[in-house]
Amino acid sequence: MDGMLEVKRMDEIKEDITTNVSMVFVDSFYDDLKALTHSKEKLIRIFKNSFVKEKFYIALMDGNVAGILACSDNGGRAFIIRKEDVIQNLGIIKGNIVYPFLEKEFHIPLSYNDETAYIEAVATHLSAREKGVATRLLEYITKKLPYTEFRLTVKDNNKAALEMYKKLGFLKFDKLKASFFEKKYFKYKFYMKLKLDI
């Protein structure tokens, strides 16, 4: 994947790219998502219908999905996961057990003021990594969207992302210790924010 990079809001793209967006999301967050199922195909189907298109920004390279960024605010989250998709892919018993955890992670409203946005996800297609795609997406939203503060969380073991966020001006302001089950993957989640001078 090489060529010109353009960023568009997902609802501005005429073609149906939901499967491709879901693939990029699942590939990038598979380490977190595999607790639900090891099947990437099932995960792609679960998330495919969950994207709130007005809150997703897509980096296109030669017309292909090179990266995605989800940006939420106090008016709504970027994901609405459908219980029927979870049950259909995980089965009725496991689906009913898993869905409340997904609901808690993705659906709880944000108690931010009108000036603050939360970057829920930044992900890059495997073939487009280390080509500045995530940086381009972040620069796009911080310049185009009407917020004065952007927040995100990142794990301490994601060195490349931490470095990128620092370069873009994000600063750590808090951290959360990994739970007992998370400890084998990472130690802390860092909370970072970028405050813009208006």
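Up top you'll find the structure we're talking about.
Residues numbered from 1 in each chain as written. Predicted model: local features only at pLDDT ≥ 70, side-chain atom pairs only at ≥ 80, totals over all residues. Heavy atoms only, no water.

A. Here's a closer look at the overall build of the protein. In terms of helices and strands, the protein carries 7 helices and 7 strands. If you list the helices and strands of the protein from N to C, you get β-α-α-α-β-β-α-α-β-α-β-α-β-β. Here the C-alpha coordinates of the protein stretch approximately 50 × 40 × 30 Å along the principal axes. Among the 198 residues that make up the protein, the fraction classed as buried is 44%. Carbon and sulfur atoms provide 51% of the accessible area of the protein, an area that totals close to 11300 Å². (Helix = DSSP H or I, 4+ residues; strand = E, 2+ residues; numbered from the N terminus. Buried < 20%, exposed > 50% of the residue type's maximum accessible area, 1.4 Å probe, protein only. Areas by Shrake-Rupley, 256 points an atom, 1.4 Å probe, with all protein chains shown as cover.)

B. Here's a closer look at the layout of surface pockets. Of the voids in this model, the second largest pocket is the one considered here, and its volume is about 170 Å³. Forming the boundary of the second largest pocket are 13 residues, of which Asn20, Val24, Asn64, Val65 and His125 lie nearest the centre. Those elements giving two or more residues to the lining of the second largest pocket turn out to be helix H1 (18-28) and strand E3 (64-72). The biggest single contributor to the lining of the second largest pocket is H1, with 4 residues. Per-class residue counts for the lining of the second largest pocket are 7 nonpolar, 4 polar and 2 charged. (1 Å grid on protein atoms, 1.4 Å probe; cavity = no way out; pocket = protein on both sides within 12 Å on 5 of 7 lines; lining within 4 Å. Points joined across faces, edges and corners; volume = space filled by probe spheres on them. Nonpolar A, V, L, I, M, F, W, Y, C, P; charged D, E, K, R; others polar.)

C. Geometry of a nonpolar patch on the surface. Where nonpolar side chains cluster on the molecular surface, the patch consists of Ile92, Ile93, Ile97 and Phe101 and spans about 490 Å² of accessible area. Summarising the element assignment, Ile97 is placed in helix H5 (residues 92-106). Residue Ile97 is classed as exposed on the basis of its relative accessible area of 52%. (Patch = residues over 30% accessible without salt bridge, like charges linked within 9 Å, V, L, I, M, F, W, Y side chains within 5 Å. Salt bridge = Lys/Arg side-chain N within 4 Å of Asp/Glu carboxyl O.)

D. Just the sheet that holds strand E1 (residues 5-9), in detail. Strand order in this open sheet of 7 strands is E1-E2-E3-E4-E5-E7-E6, and the pairing throughout is mixed. Two strands lie at the open edges of the sheet, namely E1 and strand E6 (171-177), each paired on one side alone. Recorded for the sheet is a direction-independent mean angle of 25° between the axes of neighbouring strands. Strand direction decides the pairing type here: E6 and strand E7 (residues 188-195), joined by 6 bridges, are antiparallel. (Pairing = 2+ DSSP bridges. Axes fitted to C-alpha atoms, helices over the stretch in contact; angles between N-to-C directions.)

E. Molecular detail of a positive patch on the surface. A cluster of basic side chains, namely Lys159, Lys166, Lys172, Lys175, Lys177 and Lys187, defines a positive patch on the protein surface. Broken down by secondary-structure element, the contributors of at least two residues to the positive patch are helix H7 (159-167) and E6. Element by element, the count of residues in the positive patch is highest for E6, at 3 residues. Relative to the elements of secondary structure, Lys177 occurs in strand E6. (Lys, Arg positive; Asp, Glu negative; His and termini not counted. Charge placed at Lys NZ, Arg CZ, Asp CG, Glu CD.)

F. Geometry of the nonpolar core. Residues Val21, Phe25, Phe47, Phe56, Ile58, Ile68 and Phe79 are the most contacted members of the largest nonpolar core, which totals 32 residues. Elements with a minimum of two residues in this core: H1, helix H2 (30-33), helix H3 (40-48), strand E2 (56-61), E3, helix H4 (83-90), H5 and strand E4 (116-124). When residues no more than four places from it in sequence are discounted, the contact partners of Val21 are Met10, Phe51, Phe56, Ile58, Val65 and Ile68. (Core = buried A, V, L, I, M, F, W, Y, C linked by side-chain atoms within 4.5 Å. Contact = heavy atoms within 4.5 Å.)

G. Main features of the side chain of Asp85. For Asp85, the position within the fold is in helix H4. Among the polar contacts listed, one links the side chain of Asp85 to the side chain of Arg82, at a separation of 2.9 Å. (Polar contact = N/O pair within 3.5 Å; in protein donor to acceptor, adjacent residues only side chain to side chain.)

H. Geometry of the packing of aromatic side chains. The full count for this structure, using the stated rule, is 15 aromatic pairs. Ring geometry for Phe47 against Phe106: centres 5.8 Å apart, planes inclined by 70°, an arrangement best described as edge-to-face. Of the two residues, Phe47 is situated in helix H3 and Phe106 in helix H5; the sequence distance between them amounts to 59 residues. What makes Phe106 buried here is its relative accessible area of 11%. Summarising the aromatic geometry, the rings of Tyr112 and Tyr118 are spaced 6.5 Å apart at their centres and angled 70° between planes, so their arrangement reads as edge-to-face. (Phe/Tyr/Trp six-rings, centres within 6.5 Å; stacked < 30°, edge-to-face > 60°.)

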